[in-house]
Protein chains: 2
Amino acid sequence: MLPIAVDAMGGDNAPDAIVEGARRAVDELGVSVVLVGKPGEMGDTGDLPVIEASEVIAMDAEPGSSVRKMKDSSLVRAAEAVRDGNASAMVSAGNTGATMASALLRMGRIKGIQRPAIATPIPVPGSTPTTLLDAGANAECKPEWLVEFAQMGGVYARDRFGIERPKVGLLSIGEEAGKGSPFVKECFELLSDPAWAAATDCEWIGNVEGRDVMTNEADVIVTDGFTGNVTLKTLEGAMRAIMGRLLMALDTDDDTRAAGAALGPALDTMVSELHPDSVGGALLLGVKGVCVISHGSSSPDAMVNAIRVASEMVEVEMVDHLTTAAASAAD
Amino acid sequence: MLPIAVDAMGGDNAPDAIVEGARRAVDELGVSVVLVGKPGEMGDTGDLPVIEASEVIAMDAEPGSSVRKMKDSSLVRAAEAVRDGNASAMVSAGNTGATMASALLRMGRIKGIQRPAIATPIPVPGSTPTTLLDAGANAECKPEWLVEFAQMGGVYARDRFGIERPKVGLLSIGEEAGKGSPFVKECFELLSDPAWAAATDCEWIGNVEGRDVMTNEADVIVTDGFTGNVTLKTLEGAMRAIMGRLLMALDTDDDTRAAGAALGPALDTMVSELHPDSVGGALLLGVKGVCVISHGSSSPDAMVNAIRVASEMVEVEMVDHLTTAAASAAD
C-alpha cells in the first residue's frame, strides 16, 4: 500500500503531537506514512519520509481562499499526493474547511455525488457506532443530497464497522412520516423511494430522533450539515459536562474518593469508549480518495487512530465501493 | 393566587402519577390546584376541586384538529380556565402539540409576539440552567421570530433563575459572525441590532455552539424549533447513554460494585441534578397565561416541580413582563 500522507502542520498540537502519532502509527500498525510539512519545523521525524510544503493554512483561516492561494501548503500538498498516486490517503487535524476544500479541489468528486459530506462515528455503549452525516460540510443542503449521504453512509458503515445491511434513518423531531421541517419532509419523501436502499443494500428505517443517536436504533443517520454539526457538538458538550459532574461526585468526601480510586480502571475504559478520539476521526465521503479529518485538538493517540482508519479504508477499497454505489444510483 | 389547572388526563402515567403529583404539590408547596379531567376516571383526587371535561386528547392525536373538535377535552378546558380567570396557570404532561394549540387558541398570543416558543431549561452542572428556545413549537421559523424568542428567553431567565442581565446567544456551527446556514446568518444580523437587548436588559453574545449548551457560556440560547428539538433530544439521549454506561462500569466486578454502593448518595445527587424532571418542565412563552409543558413520562415528582414552576411564574408576573418586553420591542 502507498504511504498515508499526514499533514504534520495541522492541528492545535501540531507538529509535535502529529509527528509523534505518525511515528507511533508506523511502529504499532506497520503502515507506511509520509509527513507533509515545512522542512526543519517538524521536529524529530525519525525515519519518516517527507513531502515538503512551504506554507501552513492557519486553523482559523478562510478555507476557500486559503486553499486557492496557498498552493504550497501542507494541506494542498497532502491532497495532491493522493491525486498523483504518491499517497493512498490523507489525514489532517488542521482547519476542517480547508481540509475539505483541498480534498475536493485536488482529488475531485466521485461521479454522481453532488456534495461530499463529513461522516462522523458517534460512540454507542455496547454496540457499533452510529455514523452521522453530514456532520458539517454543507451548512445548507438540498433534499436530494441527503439520498447521496444515505448511500455513502451505508457503504461506509459496512466497510468500517462490518455492518452487513446498515439501518439508515433521517434525523427529525418525531418518528412519524409527517414530522419535521418542510426540508426534512421532502428528504423523507425522496428517501422513501426504495431504489437507493436496494442499490446499496441498506435498510431505510424512516425518521429517527436526537435521542436515538447514541443507541443502536440506526447505524447511519443522515441530516443537513448544520443540524449534524449542532448535534455532534451538543454530544461533545454533554459528554464533557457529565464527565465533569461525575468527577465532582467522586470528589465529594474521603469515602467517594476511595471509591473513585477503586473504580479507576472501569471508568478509564468507559471514558476511552465514549471519547471521540477513540473512533479515529471523521471521513470526508464523496471525494476520489480517503480523507480523514481528525479533531483540531488531536493527541498522538488520536492520530494513531486516524491513520489506522485511513489505512483500513484504503485496504477495504471504500472509495471504489462509494463509486459503484453512486453509479448504480445514477442509473 | 387562583388555583393552577392541572390536566389530570395528560401523560403516559395519567391520571395516577398526575393526580398524585398534584396532591403532593398542594401539601408540599401550599399552592392551590384544580384538576381538569373525566369525573370518575381520576382515581383518588382527595380534597382537590375538579373542572369536569368529558374528552381526552390522546398522546399521538393530531394536535390542531383534536383541539378544534374536542372542545370538552381536559386540555382545552384547562386553557379556558386560565382565559376565563378561573385558574392562574395550566400544567400538562399530555400531547405537546395539543397543549400548545389549546393555549394558543384559548388564551391567545401576547401582542407583538408572532409565534409562541417552547423554552426548556437545560441543566448545567454547578450553575444556573441554560434556557433553550424554541425547543420544538415551530419546526420552521422566520428570522424575526428569533428576536422575539431572544427577548422572551431573557425575561424568562431573569424571572425564573434570577439572572439580572441574561447572556443571549444564537445556536450556530461556529462562533464567528459569518458561520451557519443562510437562515442563521440572517438571524445573526437581526439579533445584532442592539435595540431588543437594550429594551429587555439582556446581553447579546453572538453565536454559540452545541458544546456550549451545558455550560454557563450563555443563559439563553435561541434557535429554530427543529434544531432546538433535535438538540434537546440529543442531550436526553446522551444523558441516558452515558448514565447507562456508568452503571455498566459500576457493575464490572465485586470491587466496583462495592465502590458503586459507597458512591450511591453522591451519584443520586448527580443524577437528580442532571435529570430533566428536576428543572420542572418547559414553558410555552408568548401566550397570555402561564403554560407549563411537562414530559410525557412525568412522574409525581416531575408534576410537583412543574406545578412549582407554574406557581412561581404566576407569582413573579412573568406574563406581564413578557407583555411589556414585546410592547417595548414594537415601539
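Criteria and thresholds
Residues numbered from 1 in each chain as written. Chains lettered and ligands numbered in written order. Predicted model: local features only at pLDDT ≥ 70, side-chain atom pairs only at ≥ 80, totals over all residues. Helix = DSSP H or I, 4+ residues; strand = E, 2+ residues; numbered from the N terminus. Buried ≥ 20, exposed ≤ 12 C-beta atoms within 10 Å, placed from the backbone. Contact = placed C-beta atoms within 7 Å. Axes fitted to C-alpha atoms, helices over the stretch in contact; angles between N-to-C directions. Parallel < 35°, antiparallel > 145°, perpendicular 65-115°, else oblique. Left-handed = near helix turned anticlockwise from the far one by under 90°. Nonpolar A, V, L, I, M, F, W, Y, C, P; charged D, E, K, R; others polar. Expected span 1.5 Å × (residues − 1). Core = buried A, V, L, I, M, F, W, Y, C linked by C-beta atoms within 7 Å. Pairing = 2+ DSSP bridges. Domains from an automatic or database assignment.

**Concerning the overall build of chain A**
In terms of regular secondary structure, chain A is built from 11 helices and 11 strands. The principal-axis extents of the C-alpha atoms in chain A amount to approximately 65 × 60 × 35 Å. In chain A, which comprises 331 residues, the share counted as buried stands at 59%. Of the contacts formed within chain A by residues at least 6 apart in sequence, a portion of 71% connects residues at least 24 apart.

**Some thoughts on the packing of helix 8 (residues 225-250) of chain A against helix 9 (residues 254-274) of chain A**
All names here are of chain A. At their nearest, the axes of helix 8 and helix 9 sit 10 Å apart, and the two run at 165° to each other. Between helix 8 and helix 9, the angle is such that the two are roughly antiparallel. Considering only the axes of helix 8 and helix 9, their crossing is left-handed. On helix 9, the residues touching Met239, Met243, Ala249 and Leu250 of helix 8 are Thr256, Arg257, Gly260, Val271 and Leu274. Residue classes in the contact of helix 8 with helix 9 are distributed as 6 nonpolar, 2 polar and 1 charged.

**A word on helix 5 (residues 143-161) of chain A**
Residues and elements named next belong to chain A. The terminal C-alpha atoms of helix 5, which comprises 19 residues, lie 27 Å apart, in line with the 27 Å expected from a rise of 1.5 Å per residue. Among the 19 residues in helix 5, 16 count as buried, and that is most of the element. Following helix 5 by one or two positions, Gly162 adopts a phi angle in the positive range, close to 70°.

**Details of the nonpolar core**
With 240 residues, the main nonpolar core has Ala5, Ala89 and Ile307 of chain A together with Ala5, Ala89 and Ile307 of chain B as its most contacted residues. Leave out the neighbours within four places in its chain, and Ala5 of chain B touches Val34, Val36, Ile51, Ala78, Ala81, Val82, Ala87, Ala89 and Met90 of chain B.

**Section: the packing of helix 9 of chain A against helix 9 (residues 254-274) of chain B**
Two elements in contact, helix 9 of chain A and helix 9 of chain B, have axes whose closest approach is 8 Å; the angle formed by their N-to-C orientations is 135°. With respect to their mutual orientation, helix 9 of chain A and helix 9 of chain B come out oblique. Between helix 9 of chain A and helix 9 of chain B lies a crossing of left-handed hand. Facing helix 9 of chain A, whose interface residues are Asp255, Thr256, Ala259, Ala262, Leu263 and Ala266 of chain A, helix 9 of chain B presents Asp255, Thr256, Ala259, Ala262, Leu263 and Ala266 of chain B. Of the residues assigned to the contact of helix 9 of chain A with helix 9 of chain B, the class counts are 8 nonpolar, 2 polar and 2 charged.

**Considering the sheet that holds strand 8 (residues 203-208) of chain A**
Residues and elements named next belong to chain A. With respect to topology, 11 strands assemble into an open sheet ordered 3-2-1-4-11-10-5-6-9-7-8, the strand pairing being mixed. The sheet terminates laterally at strand 3 (50-52) and strand 8, the two strands that pair on one side only. Pairwise comparison of adjacent strand axes, ignoring direction, gives a mean angle of 25° for this sheet. Two elements, strand 1 (residues 4-7) and strand 4 (residues 89-92), share 3 bridges in a ladder whose sense is parallel. Residue pairing across strands places Ala5 opposite Met90, the latter belonging to strand 4. The strands touched by helix 5 are strand 5 (117-124), strand 6 (127-133), strand 7 (167-171), strand 9 (220-222) and strand 10 (282-285); relative to strand 9, the strand with the most contacts, the crossing angle is about 160°.

**Notes on the domain arrangement of chain A**
Put simply, an interface is often sized by how much accessible area is lost when its parts join up. Residue and element names in this part refer to chain A. Taken domain by domain, chain A consists of domain 1 (1-113 + 286-331) and domain 2 (120-229 + 266-277). In this structure, domain 1 and domain 2 have C-alpha centres spaced 24 Å apart. Counting residues at the interface gives 17 residues for domain 1 and 13 residues for domain 2. Of all elements in the fold, only helix 10 (300-315) and helix 11 (318-330) reach the threshold of two or more residues within the side of domain 1 that touches domain 2. Of the residues forming the side of domain 1 that touches domain 2, the biggest block, 7 residues, is contributed by helix 11.

**Brief notes about the interface of chain B and chain A**
Counting from both sides, the interface comprises 47 residues of chain B and, opposite them, 47 residues of chain A. Elements supplying a minimum of two residues to the side of chain B that touches chain A: helix 8 (225-250) and helix 9 of chain B. No other element matches the 20 residues that helix 8 of chain B contributes to the side of chain B that touches chain A. Across the side of chain B that touches chain A, the residue classes tally to 25 nonpolar, 14 polar and 8 charged.

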